[in-house]
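Overview (structure and organization)
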Amino acid sequence: MIRRLEMAVALDAHRNFQRAARALGISQPSLSRALQVLENELGARLFERTKTQCVPTEYGKLALVRARRILTELAETRHEIAMLQGLQVGEFRIGAGSFATQVWLGSAMGEVCARHPKLKLRSMEYLWHQLPGALMASEIDVAIGEASELTGNPEIVVGRLPRRAGAFICRIGHPLAAKAKVTIDDLARFSLIAPLLPRRIALHLPAESTMGALSADGRHYQPAIVCPSWVGIGDAVQVSDAVGTVPRASLPALLKRHPIVTLPIEAPWLCMEQAIMWRRDRMRHPALKTFREAARRSEAAIMAMAEKA
């Protein structure tokens, strides 16, 4: 029945027998027969068919919800069995925000690979606010990203990394570049280019100005120009009057690309509060301990190098 459930889910996704059959790698008659068998097994018609499309019935909608749940649990079971079989045949899936991905994640992955050469490693980049959902959906085994909004979440274990300072930057020749001291009011005259910012930072920024605005639900600050990459932020401020915010650890690399200015503003709240996160209610991947240790070493070493530069 599992295969027939997979076929029903594919048919719902494509809403067309020919396209669904092509995606499944089977013939259209085979798909039609399998659906008939499934409908007989469940005792209900699951799809209304026309010449051009098929749409789930009310019975079908109910069956598809359960089918997706069954297939998700089956995939998770297979993944956990692979974990139990050890580090020789399994896969370790890492989700991370752009800064960790661009700066130090590769070094940590290399260390894990050196210790477990047959383990399959897979990294995926997410926006920071997407990481908890990816963890809870079992898309990844571990996440690295902003942790401030996870305080009190009992489902996710949070292993905090050291707090790292941020900076506001602009181009040489910018109207703010020559000021001895810059305030938030000064910044509010210009567009801000930055990632979506968490609430802890949003509390220190104007709710609505040229810089950007607080999101409707109050959880995020939406900069006027949203860019998750600190390299992209540096490139953008170089050719505009926008001001950007980046981790201070990225400044040495940015200065090699462009002659930028770090703005003199007192903003201790402008910092990264990142963490290594995993689900409390799932079996821990055998590689998790190795990765956590490697991640902390890599992050600390690369941040120390950046501070010296």
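Everything numeric here is computed off the predicted structure, so don't read it as measured data.

Mapped onto the elements, Arg200 comes out in helix α9 (residues 199–202). Here Arg200 falls in the buried class, since its relative accessible area comes to 18%. Within the structure, Arg200 has its side chain in polar contact with the backbone oxygen of Cys271 (distance 2.8 Å). The residues contacting Arg200, other than those within four sequence positions of it, are Glu146, Ser148, Trp269, Cys271, Met272 and Glu273.

What follows concerns empty space enclosed by the protein. Taken as a whole and judged by the stated rule, the model has two cavities of 30 Å³ or more. Here the largest cavity is characterised by a volume of approximately 160 Å³. What lines the largest cavity is a set of 16 residues, and nearest its centre among them are Ile140, Asp141, Arg279, Arg282 and Met283. Secondary-structure elements contributing two or more residues to the lining of the largest cavity are α4 (58–84), β3 (91–96) and β17 (274–279). A total of three residues in the lining of the largest cavity trace back to one element, the largest contributor, which is α4. Of the residues belonging to the lining of the largest cavity, the class tally is seven nonpolar, three polar and six charged. For the second largest cavity, the calculated volume is near 30 Å³. Around the second largest cavity sit Phe99, Leu161, Pro162, Arg164, Met272, Gln274, Glu299 and Met303, which together line it. Tallied by class, residues from the lining of the second largest cavity come to five nonpolar, one polar and two charged.

On to the packing of helix α1 (residues 2–14) against helix α3 (residues 28–42). Where α1 meets α3, the closest approach of the two axes is 9 Å, and the angle between their N-to-C directions is 110°. By the angle class used here, α1 and α3 are roughly perpendicular. Judged by the twist between their axes, the crossing of α1 over α3 is left-handed. On α3, the residues that touch Arg4, Leu5, Met7, Ala8 and Leu11 of α1 are Leu31, Ala34, Leu35, Val37, Leu38 and Glu41. Looking at side-chain class alone, the contact of α1 with α3 contains nine nonpolar, no polar and two charged residues.

Okay, α3 next. For α3, which comprises 15 residues, the first-to-last C-alpha distance of 21 Å matches the rise-based estimate of 21 Å (1.5 Å per residue) to within 8%. Just downstream of α3, Gly43 is the residue with a positive phi angle, here 75°.

The next subject is the sheet that holds strand β11 (residues 212–214). Taken in spatial order, the four strands of this open sheet run β9-β12-β11-β10, and their pairing is antiparallel. The sheet is open, and its two edges are formed by β9 (197–198) and β10 (208–209), each paired on a single side. Where β9 meets strand β12 (residues 220–223), two bridges bridge the pair, whose relative direction is antiparallel. When the bridges of β12 are listed, Leu197 appears paired with Tyr221.

Next up on the list: the environment of Thr52. Tracing the backbone through its elements, the reader meets Thr52 in the loop between β1 (47–49) and β2 (54–56). Here Thr52 falls in the exposed class, since its relative accessible area comes to 59%. Placed 37 residues apart in sequence, Thr52 and Arg15 show a C-alpha to C-alpha distance of 8.6 Å. Ignoring sequence-local partners within four residues, the contact set of Thr52 consists of Arg15 and Asn16.

Conventions used here
- Residues numbered from 1 in each chain as written.
- Predicted model: local features only at pLDDT ≥ 70, side-chain atom pairs only at ≥ 80, totals over all residues.
- Heavy atoms only, no water.
- Helix = DSSP H or I, 4+ residues; strand = E, 2+ residues; numbered from the N terminus.
- Buried < 20%, exposed > 50% of the residue type's maximum accessible area, 1.4 Å probe, protein only.
- Polar contact = N/O pair within 3.5 Å; in protein donor to acceptor, adjacent residues only side chain to side chain.
- Contact = heavy atoms within 4.5 Å.
- 1 Å grid on protein atoms, 1.4 Å probe; cavity = no way out; pocket = protein on both sides within 12 Å on 5 of 7 lines; lining within 4 Å.
- Points joined across faces, edges and corners; volume = space filled by probe spheres on them.
- Nonpolar A, V, L, I, M, F, W, Y, C, P; charged D, E, K, R; others polar.
- Axes fitted to C-alpha atoms, helices over the stretch in contact; angles between N-to-C directions.
- Parallel < 35°, antiparallel > 145°, perpendicular 65-115°, else oblique.
- Left-handed = near helix turned anticlockwise from the far one by under 90°.
- Expected span 1.5 Å × (residues − 1).
- Pairing = 2+ DSSP bridges.

Honestly, it's all geometry; don't read function into it.
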